[in-house]
Amino acid sequence: MPLIIFNGSPRGKNSNTTLLMDQFIAGYTHGNDNQAQVHYLIHTKDADKNMELFQDAENVILAFPLYTDAMPGIVKHFIEALQPLCGRSGNPRLGFVVQSGFPEPHHCRFVEAYLQKLAKRLGCEYLGTIVKGGVEGIQMMPPNMTRKLFKTFYDLGVFFAKYNAFSSELLRELTPRENMSWLRRTIFRILNLTGLTNFYWNMHLKKNNAWDKRFDRPFA
Ligand SMILES: Cc1cc2nc3c(=O)[nH]c(=O)nc-3n(C[C@H](O)[C@H](O)[C@H](O)COP(=O)(O)O)c2cc1C
């Protein structure tokens, strides 16, 4: 039975989530008959179809980017639609991948705790959560900057194929420390004074015609 992966990035196929999960799948399917099916939540909003896929699977991985310290709306929508399956016997084993823009894994720990509870409420065996910070920008990085990251996701896939679990050693490799070091924080503060830390985000605001709206408070 194929491993079912739900990709919860609103960027769909062109996402960082895809780049990481492609590596995971390459490791998972290397040298064996394993198969993995990826379903992009941005395209498969049919809640009944998703629920069917979910309940028929043996192993499910839900992978998504951290959005405002939680998950994108399409992921929340997907999760809420699983409510009828709560406590049903025969639910799949369930694991998660959460990757974020900020470098510190600390940002993802709250949603990780939520996901663990979610698996319990659904009555799914919890396989764990792969957490990785500092992922925004990997699409623009040269290969030598992403090699190690991609190799670790590949190795996580190889390990998952063998043991149906996430390797705790590899998880530690992805998150060697919870917060930025004193040195990195200091460098960041200095860069902040130059305005360089905002450059990337400002570029996106302008590209998306949102620059003039950046201080809007629609709910105020
Ligand atoms: C609307 C929005 C909200 C975000 N919120 C957070 C956040 O709270 N913390 C964080 O570390 N990164 C945040 N990010 C950055 C994404 O998690 C990061 O860019 C991720 O790699 C995007 O993955 P994707 O390409 O798979 O969608 C946010 C990005 C967007 C677009």
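This text follows the structure it describes.
To start, this report covers the structure provided alongside it. Please read these numbers as outputs of a predicted model, since none were measured by experiment.

Procedures and definitions
Residues numbered from 1 in each chain as written. Predicted model: local features only at pLDDT ≥ 70, side-chain atom pairs only at ≥ 80, totals over all residues. Heavy atoms only, no water. Near = heavy atom within 4 Å. Polar contact = N/O pair within 3.5 Å; in protein donor to acceptor, adjacent residues only side chain to side chain. Areas by Shrake-Rupley, 256 points an atom, 1.4 Å probe, with all protein chains shown as cover. Nonpolar A, V, L, I, M, F, W, Y, C, P; charged D, E, K, R; others polar. Core = buried A, V, L, I, M, F, W, Y, C linked by side-chain atoms within 4.5 Å. Buried < 20%, exposed > 50% of the residue type's maximum accessible area, 1.4 Å probe, protein only. Helix = DSSP H or I, 4+ residues; strand = E, 2+ residues; numbered from the N terminus. Pairing = 2+ DSSP bridges. Axes fitted to C-alpha atoms, helices over the stretch in contact; angles between N-to-C directions. Expected span 1.5 Å × (residues − 1). Arc of directions from axis to C-beta. Right-handed = clockwise from strand over helix to strand, strands pointing away.

1. Structural notes on the site of the ligand
Taken together, 16 residues lie near the ligand, and Ser 9, Arg 11, Thr 17, Gln 99 and Glu 136 sit nearest. The side chain of Gln 99 places a nitrogen or oxygen atom 2.6 Å from an oxygen atom of the ligand. In this structure, an oxygen atom belonging to the ligand sits 2.3 Å away from a side-chain N or O atom of Glu 136. Alone, the ligand offers 650 Å² of accessible surface; in the complex the protein occludes 80% of this. In terms of residue class, the shell around the ligand is made up of five nonpolar, eight polar and three charged.

2. Considerations on the nonpolar core
If you look at the biggest cluster of nonpolar residues, it comprises 29 residues, and the most contacted ones within it are Phe 6, Phe 54 and Leu 62. Breaking this core down by element, the ones donating at least two residues are β1 (3–7), α2 (47–56), β3 (59–65), α3 (73–80), β4 (93–99) and α4 (109–122). Per-element accounting of this core gives the leading share, five residues, to α4.

3. Quick word on the sheet that holds strand β5 (residues 126–132)
The pairing of strands in a sheet happens through backbone hydrogen bonds and is either parallel or antiparallel. Pairing in this open sheet of five strands is parallel, and the strands run β2-β1-β3-β4-β5 from one edge to the other. Each having just a single partner strand, β2 (36–40) and β5 make up the two edges of the open sheet. If you compare each strand with its neighbour and ignore which way they point, the axes differ by 15° on average. Sheet analysis places β4 next to β5, joined by six bridges and oriented parallel. Its bridge partner lying in β5, Val 97 is registered against Ile 130.

4. As for unusual backbone geometry
The residue Asp 69 is not glycine, and still its phi comes out positive at about 65°. Of note in this structure, Asn 209 is not a glycine but carries a positive phi near 55°. By the secondary structure assignment, Asn 209 is in the segment after α8 (196–207).

5. Here we look at α4
Taking 1.5 Å per residue as the helical rise, α4 with its 14 residues ought to reach 20 Å, and the 20 Å between its terminal C-alpha atoms agrees with that figure. Within the sequence span of α4, burial applies to Val 111, Glu 112, Leu 115, Leu 118, Ala 119 and Leu 122. All buried residues of α4 project into a common sector of 115° when viewed along the axis, lining one side. Counted as exposed and oriented over 90 degrees from the buried face of α4: Phe 110, Lys 120 and Arg 121. Backbone geometry just after α4 places Gly 123 at a positive phi near 80°.

6. Brief notes about the pairing of β2
When β1 meets β2, the two strands line up parallel, connected through five bridges. Within β2, the residue paired with Ile 4 across the bridge is Gln 37. The β-α-β motif built from β1, the intervening helix α1 (residues 16–29) and the parallel element β2 has right-handed crossover chirality.

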